[in-house]
Amino acid sequence: MTDKELIEEVYRGNKEALGSIISRYYDDIYRFCLYLTGQETDSYDITQEVFLRFIKYIASYRHRNLKGYLLIIARNLCRDYFCHRKEMSCMEEAACLGQEDKRFDDLETALLLCQALQKLPLEQREIILMRSYEQLPFHEIAKITGCRLSTAKSRFRLGVKRLRKILEDSNEQTH
């Protein structure tokens, strides 16, 4: 079923359709929250809240892109999270990128990337995540973040540049 068909079924009271929506997008929303917060437990909580809010306000849903709509909710909740939490830190395990079963080198790389992402300004980090991990086009990212297309592209370019610098500096410190 398409997202539109699922939404119509939800409007009709079909709880299985709601379960299908959650199943379809839960992992993407969780991963997005995890990359933004760097905290596994908090990301689970935020993801749950995303779907609770979606359910609560589903009657007012009028968007074409359901995943984009859910990412907007997630983005806003993550921003609230940062308002209530002064210090951001990466998880102690490299599970932050869902790589628990990979080789140690992969885990170390995942942890390093997660820590580097946490050093970026939120505006750059969220655009890098939406573009690189969610593979959203820039025009969708601009809508979600409420900025102009050129701003989204600029934040991405500057964020990637800054991320490279952070990773290079980190590499130099370890050698």
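Description of the structure in this document. Each chain has its residues counted from 1, following the order in which its sequence is written. Local features in this predicted model are restricted to residues whose pLDDT is 70 or higher, and side-chain atom pairs enter the listing and the counts only when it is 80 or higher, whereas totals over whole chains, interfaces and linings include all residues. Side-chain numbers come from the whole structure's heavy atoms, not from hydrogens or water.

1. Quick notes on the side chain of lysine 67
Within the secondary structure layout, lysine 67 lies in helix 4 (residues 66–84). Categorising residues by exposure relies on relative accessible area from a 1.4 Å probe, with only protein chains included: less than 20% of the type maximum marks a residue as buried, more than 50% marks it as exposed, and the intermediate range marks it as partly exposed. Residue class for lysine 67 comes out buried when judged on its relative accessible area of 15%. Look past the residues within four positions of lysine 67 in its chain and what remains in contact with it is Tyr25, Asp28 and Glu134. Here a strand is any run of E in DSSP of at least two residues, a helix any run of H or I of at least four, and the numbering for each starts at the N terminus. Contact criterion: two residues are considered in contact whenever any of their non-hydrogen atoms come within 4.5 Å of each other.

2. Considerations on helix 3 (residues 40–56)
An expected span of 1.5 Å times one less than the residue number is assigned to each helix. End to end, helix 3 covers 24 Å across 17 residues, agreeing with the expected 24 Å (1.5 Å per residue, within 8%). Along helix 3, the residues that are buried comprise Ser43, Ile46, Thr47, Val50, Phe51 and Phe54. End-on, the buried residues of helix 3 take up no more than an arc of 135°, which puts them together on one face. Opposite the buried face of helix 3, by more than 90 degrees, sit the exposed residues Thr41, Leu52 and Lys56. In this description, the arc belongs to the directions extending from the helix axis to the C-beta atoms.

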